Protein chains: 2
Amino acid sequence: MDIRSVVYILGSLLLFLAVALLLPVPFALYYHDGTAAVFGYSAGLTLVAGILMFKLCRGRRDLHVREGFAVVSFSWLLFALFGALPFVLSGAIPSPLDAIFETMSGFTTTGATILTEIEHMPQSLLFWRALTHWLGGMGIIVLSLAVLPMLGVGGMQLFRAEVPGPTADRLKPRIQDTAKLLWGVYVILTAVEALLLMGGGMSFFDAICHAFATMATGGFSTRNASVAAYDSAYIDTVITFFMFIAGANFSLHYYALRGRVGTYFRNEEFRFYLYITLGVTAVLMWQNHDRVYGSLLENLRYSAFQSTSILTTTGFATADYEQWTVLAQYLLMFTMFIGGCAGSTGGGIKVARILLLLKHGLAQLFRLIHPRTVRLVKLGHQAVDPEVMQAILGFFALFMGVFVAASFLLAASGMDLISAGAAAIATLGNIGPGLGSVGPVDNYAHVPAFAKAVLIMCMLLGRLELFTVLVLFLPSFWRK
Amino acid sequence: MDIRSVVYILGSLLLFLAVALLLPVPFALYYHDGTAAVFGYSAGLTLVAGILMFKLCRGRRDLHVREGFAVVSFSWLLFALFGALPFVLSGAIPSPLDAIFETMSGFTTTGATILTEIEHMPQSLLFWRALTHWLGGMGIIVLSLAVLPMLGVGGMQLFRAEVPGPTADRLKPRIQDTAKLLWGVYVILTAVEALLLMGGGMSFFDAICHAFATMATGGFSTRNASVAAYDSAYIDTVITFFMFIAGANFSLHYYALRGRVGTYFRNEEFRFYLYITLGVTAVLMWQNHDRVYGSLLENLRYSAFQSTSILTTTGFATADYEQWTVLAQYLLMFTMFIGGCAGSTGGGIKVARILLLLKHGLAQLFRLIHPRTVRLVKLGHQAVDPEVMQAILGFFALFMGVFVAASFLLAASGMDLISAGAAAIATLGNIGPGLGSVGPVDNYAHVPAFAKAVLIMCMLLGRLELFTVLVLFLPSFWRK
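Residues numbered from 1 in each chain as written. Chains lettered and ligands numbered in written order. Predicted model: local features only at pLDDT ≥ 70, side-chain atom pairs only at ≥ 80, totals over all residues. Heavy atoms only, no water.

A closer look at the overall build of chain A
Next up, step 1: The number of helices and strands found in chain A is 21 helices and two strands.
Next up, step 2: Across the 480 residues that make up chain A, the buried fraction comes to 64%.
Next up, step 3: Expressed as a percentage of contacts within chain A between residues at least 6 apart in sequence, the contacts between residues at least 24 apart total 71%.
Next up, step 4: When the accessible surface of chain A is split by element, carbon and sulfur atoms take 66% of a total near 17700 Å². (Helix = DSSP H or I, 4+ residues; strand = E, 2+ residues; numbered from the N terminus. Buried < 20%, exposed > 50% of the residue type's maximum accessible area, 1.4 Å probe, protein only. Contact = heavy atoms within 4.5 Å. Areas by Shrake-Rupley, 256 points an atom, 1.4 Å probe, with all protein chains shown as cover.)

Encoded structure:
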């Protein structure tokens, strides 16, 4: 373990964060919300820390697999710590724990908030919240399509982006090329959504913040009532569409933007993702039929928004689904476990893993009556390497284990049964709102401090595909 | 698929059931409860059906793997149907669906009841209920230690009983020898428990019924208040001890009875089972500390009883654990998923599978930093065959899938969130009581008819390790 290399890279990432911390300054000045200096201080502190780490550990840079894990885990942790500075320094979120919760929720694109009065916050801080989502989403796209596959985490090798570009053996240039192409797609989609939202009457500020939160499948809104505040069928439709896009694999979008739209439907994960979205929407419409919404179109609007919001792990709300039927709530709760596609900004177990788990279960069933036939599980036309399948099965076992442990700790902190379980999966799956006391019209402010710490850890674990963080707890990780 | 052979064997099993249906007659006569004739008719009907099937399909008997699955699944189904006759014919449970629910709950050693006034039932019917448990437990021991390992179901090959005896290549003698030895253990333990319970003041009748329900990890009691009705520390202690025994692998008991007690502690699954029991008891004691029970010993008595009852999937109650803390309830709910040891009469996922799932998850974590080291997961000193591991992982994926589907159907039938989830795992894990409206002081009488049908299926699926039943739904199972 070459700690100096890790610190060096983390330092350079902090320099990047320092620059990002200056982006809300124009908003602070425009809205005269008095936080421009706060962002200046925060950027300065981050810059100093970054330069120190960068300078002290300059030199030989050896990036092996272990250093990769450390860089990924600690970068999210450091970003949550330094990114929390504006909240604390401005006094908007006085408690450091709450501020770290909010920032971790931002960078992990979770969208769980401890804010009770969002609309009373300075605009620049609301922009910063949205920006943490967007930067986090940027990180996740590269992480899931370029970094984690190389580290071999949880079967992610299946989803290595096959974006054309100079094939090099060395790690760095490959990641950079992939990153540039995918970020281009991300930026374009965000810009298009923001323009469409402005076309629906949203202010420039709200449109940017919501586009950031949508494309990152984050879910932070600038309004207390989330997207419901706009009460617009057009805005709901635009956001539903872009949530669905954000929950799909970004390398498919890359091909689509280059004119190869058919790639979507040749992708088995995408097809399954589409079926789940349609299926969940249909069941929600059935459950909401004649009860809540007047017309079929209204029903479709609210049902499709909520199914997409939960499945993609965005967590925006246009309806208080806790008023829906028990079945509808149950379905949404289970949907939280599924999450978005691999290579999207969505969290959860991931559609492809769920699909492969089901296929593995069925393959085991077939084996019983055809013991001599070797059937490899396939994704698309490609047989899945048994080692990758093992990793996916291991991921599932660990995911359920972490879910159980987290719910247990949350219940121990005094949360009720439904809220504890829902909070655990809503953070582990990077969704945001859950059920019970952390439902779509509630927030996480009331949660005990110990539980907040557990939830922060859940967001990090879920976002980094568990293994990346858990591996740091192995004693042998730190040994030579 | 040789359907004639299957029908032939099912017919001969019905002949055995017909004999069993006569066993409650002495109780009917002794207690003058007027049901002697009912058992006579039931036995007669079963005998006629059995003879018809037996005679019509006599001839060549070719027992291959497929026939094995069909025999196992249909035997439990037929036993639940014919075993329900006394309840319906006596008018004690007028609804056939309810009667089948009660009988399936008996033969699968679940212990979920639709009876609201148990103590008003004729004694002979209460004995029959207890006997369905005991016979079901008998079936399960042989199934899990001799039949399923040969069929290769869900990794059960790991737990093939290594009971000494004439090794033969043919299936039948091997199963018979194993069965005889293990049933001997089962009978001895049941007799000892019944005697100990009588020593504590229980009537002969109650002692037998409770010993049957304990050793089968069933949970049917002859009293509305379950074991709490006796309010005896001695009886609680005896039952706690025997529940723990019934939840352990019966081949270990065989060795212990032959003087090799150390075998218990050389068995890794048993050690883990012991640790979980002690751990859950300790947490329950902590949660019940100073709140519910006066002394430490009282606390131990109730906490140990409940942790053992749920973990072994027995489902007896001495306390209304829904009055306990949220954490205690959560822990019991998760414990329901674990279940007893492989080769015990307990249900659930099984301790060994949970242990191997955790080990597999950790092994995948290790692989990330030691990619070149091949580490096979071990149970005890033995490496687990990767194919067996695959089967166990597939079992887990299917178990969670069936749990989700069943909870969903139960919620669709109108049950509330907690009750639906708890009822699904309480039946799938063959425990009996759950939480919410199906808690330890409630019953399943109020559950909608559709939900009862789902729960009957859950009991069957859980008891037969899923695969055995699910394989019948594969179209290729029925093709030549």
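With respect to the environment of Ile51 of chain B
Residues and elements named next belong to chain B.
Next up, step 1: Summarising the element assignment, Ile51 is placed in helix α3 (residues 36-56).
Next up, step 2: In the structure, Ile51 is positioned 36 residues away from Leu15 in sequence and 7.1 Å away in space, judged by C-alpha atoms.
Next up, step 3: Beyond its immediate stretch of four places on either side in the chain, Ile51 contacts Leu15 and Leu56.

Remarks on helix α4 (residues 65-83) of chain A
Next up, step 1: Helix length check: α4 of chain A (19 residues) gives 27 Å between terminal C-alpha atoms against 27 Å at 1.5 Å per residue, within 8%.
Next up, step 2: Where burial is concerned, most of α4 of chain A is hidden: 15 out of the 19 residues are buried. (Expected span 1.5 Å × (residues − 1).)

Digging into the interface of chain B and chain A
Next up, step 1: Taken residue by residue, the interface counts 50 residues in chain B and 50 residues in chain A.
Next up, step 2: Buried surface at the junction of chain B and chain A, summed over both partners, amounts to about 4600 Å²; 79% is from carbon and sulfur atoms.
Next up, step 3: In this assembly, chain B and chain A are joined by two salt bridges.
Next up, step 4: Between Arg367 of chain A and Glu387 of chain B there is a salt bridge, with its nearest N and O atoms 2.7 Å apart.
Next up, step 5: Elements represented by at least two residues in the side of chain B that touches chain A include exactly α4 (65-83), α15 (326-338), α16 (351-369), α17 (386-412), α18 (417-428), α20 (467-470) and α21 (475-478) of chain B. (Buried area = accessible area lost by both parts, 1.4 Å probe. Salt bridge = Lys/Arg side-chain N within 4 Å of Asp/Glu carboxyl O.)

With respect to the pattern of salt bridges
Residue and element names in this part refer to chain A.
Next up, step 1: With the rule as written, the count across this model stands at 22 salt bridges over all chains.
Next up, step 2: As a salt-bridge pair, Glu268 and Lys359 come within 2.7 Å of each other at their nearest N and O atoms. One end of the pair, Glu268, is in helix α13 (residues 268-288); the other, Lys359, is in helix α16 (residues 351-369), with 91 residues separating them in the sequence.
Next up, step 3: Residue classification places Glu268 among the buried positions, given a relative accessible area of 17%.
Next up, step 4: Judged by relative accessible area, Lys359 falls into the partly exposed class, the value being 23%.

A few points about the environment of Leu376 of chain B
Residues and elements named next belong to chain B.
Next up, step 1: Tracing the chain through its elements places Leu376 in the loop between α16 and β1 (378-379).
Next up, step 2: For Leu376 and His360, which are 16 residues apart along the polypeptide, the C-alpha to C-alpha distance reads 8.7 Å.
Next up, step 3: Residues within four places of Leu376 in sequence aside, it is in contact with Ala383, Val384 and Pro386.

A short note on the packing of aromatic side chains
Next up, step 1: Tallied over the full model, the rule gives 55 aromatic pairs over all chains.
Next up, step 2: Seen from their ring centres, Phe244 of chain A and Phe270 of chain A are 5.8 Å apart, and the 75° between their planes marks the pair as edge-to-face. Pair noted here: Phe244 of chain A is in helix α10 (residues 233-246) and Phe270 of chain A is in helix α13, with a separation of 26 residues, a long-range link.
Next up, step 3: Overall, the relative accessible area of 14% leaves Phe244 of chain A in the buried class.
Next up, step 4: With centroids separated by 5.5 Å and ring planes inclined at 65°, the aromatic side chains of Phe27 of chain B and Phe205 of chain B adopt a geometry described as edge-to-face. Of this pair, Phe27 of chain B sits in helix α2 (residues 25-30) while Phe205 of chain B sits in helix α9 (residues 204-215), and the two are 178 residues apart along the sequence. In this structure, Phe27 of chain B and Phe205 of chain B share a single accessibility class: buried.
Next up, step 5: Members of the aromatic cluster, joined through ring pairs, are Phe27, Tyr30, Tyr31, Phe127, Trp134, Tyr186, Phe205, Phe212 and Phe250 of chain A.
Next up, step 6: If you follow Arg129 of chain A out to its NZ or CZ, it ends over the ring of Phe220 of chain A, 3.9 Å from the centre.
Next up, step 7: Positioned over the ring face of Phe395 of chain A is Arg353 of chain A, at 3.6 Å from the centre of the ring. (Phe/Tyr/Trp six-rings, centres within 6.5 Å; stacked < 30°, edge-to-face > 60°. Lys NZ or Arg CZ within 6 Å of the ring centre and 35° of its normal.)

Details of the relation of the copies chain B and chain A
Next up, step 1: For the pair chain B and chain A, the relating rotation is 180°, the translation along its axis is 0.0 Å, and the fit reaches an RMSD of 0.0 Å. The symmetry that links the two subunits is that of a two-fold axis. Within chain B, the C-alpha atom positioned nearest to the axis of rotation is that of Leu393 of chain B, 3.2 Å from it. (Least-squares fit on C-alpha atoms with pLDDT ≥ 70 in both.)

A word on a nonpolar patch on the surface
Residues and elements named next belong to chain A.
Next up, step 1: The grouping of Ile188, Val192, Leu196, Tyr234 and Leu257 at the surface amounts to a nonpolar patch, some 410 Å² of accessible area in total.
Next up, step 2: The leading source of residues in the nonpolar patch is helix α8 (residues 171-199), at three residues.
Next up, step 3: The topology assignment puts Leu257 in helix α11 (residues 250-257). (Patch = residues over 30% accessible without salt bridge, like charges linked within 9 Å, V, L, I, M, F, W, Y side chains within 5 Å.)

Quick look at helix α13 (residues 268-288) of chain B
Next up, step 1: Helix length check: α13 of chain B, at 21 residues, gives a terminal C-alpha distance of 30 Å against a target of 30 Å (1.5 Å per residue), a fit within 8%.
Next up, step 2: Glu268, Glu269, Phe270, Tyr273, Ile276, Thr277, Val280, Thr281, Leu284, Met285, Gln287 and Asn288 of chain B are the residues of α13 of chain B that are buried.

So, the side chain of His253 of chain B
Next up, step 1: Summarising the element assignment, His253 of chain B is placed in helix α11 (residues 250-257).
Next up, step 2: Ignoring any residue separated from it by four or fewer positions in sequence, one finds His253 of chain B in contact with Val185, Leu189, Ile245, Ala248 and Tyr264 of chain B.

Structural notes on the confidence of the model for chain A
Residues and elements named next belong to chain A.
Next up, step 1: Per-residue confidence for chain A gives a mean pLDDT of 91; residues scoring 70 or more make up 96%.
Next up, step 2: Mean pLDDT values over the elements of chain A span from 86, in α8, up to 98, in helix α6 (residues 96-107).
Next up, step 3: Across residues 163-172 the pLDDT falls below 50, and counting only partners more than four positions away or on other chains, this stretch makes 15 contacts in the model.
Next up, step 4: The ipTM value of the predicted complex is 0.90, and its pTM value is 0.92. (pLDDT = per-residue confidence, 0-100.)

Concerning the side chain of Asn430 of chain B
Residue and element names in this part refer to chain B.
Next up, step 1: Summarising the element assignment, Asn430 is placed in the loop between α18 and α19 (449-463).
Next up, step 2: Separated by 3.3 Å, the side chain of Asn430 and the backbone oxygen of Met459 make a polar contact.
Next up, step 3: Not counting chain neighbours up to four residues away, the residues in contact with Asn430 comprise Thr108, Thr109, Thr110, Thr217, Thr313, Gly347, Ile425, Met459, Gly462 and Arg463. (Polar contact = N/O pair within 3.5 Å; in protein donor to acceptor, adjacent residues only side chain to side chain.)

A word on the packing of helix α15 (residues 326-338) of chain A against α18 of chain B
Next up, step 1: In contact at an axis separation of 10 Å, α15 of chain A and α18 of chain B are set at 60° when each is read in the N-to-C sense. Judged by residue contacts, Val326, Gln329 and Tyr330 of chain A of α15 of chain A engage Leu417, Ala420 and Gly421 of chain B from α18 of chain B.
Next up, step 2: In terms of residue class, the contact of α15 of chain A with α18 of chain B is built from four nonpolar, two polar and no charged. (Axes fitted to C-alpha atoms, helices over the stretch in contact; angles between N-to-C directions. Nonpolar A, V, L, I, M, F, W, Y, C, P; charged D, E, K, R; others polar.)

Describing unusual backbone geometry
All names here are of chain B.
Next up, step 1: The phi dihedral of His32 falls on the positive side, at around 50°, and the residue is not glycine.
Next up, step 2: Mapped onto the fold, His32 is located in the loop between α2 and α3.
Next up, step 3: Its identity as a non-glycine residue notwithstanding, Leu466 has a phi of 55°, on the positive side.
Next up, step 4: Of note, Leu466 is situated in the loop between α19 and α20.
Next up, step 5: In this structure Leu466 comes out as buried when scored by relative accessible area, which is 0%.

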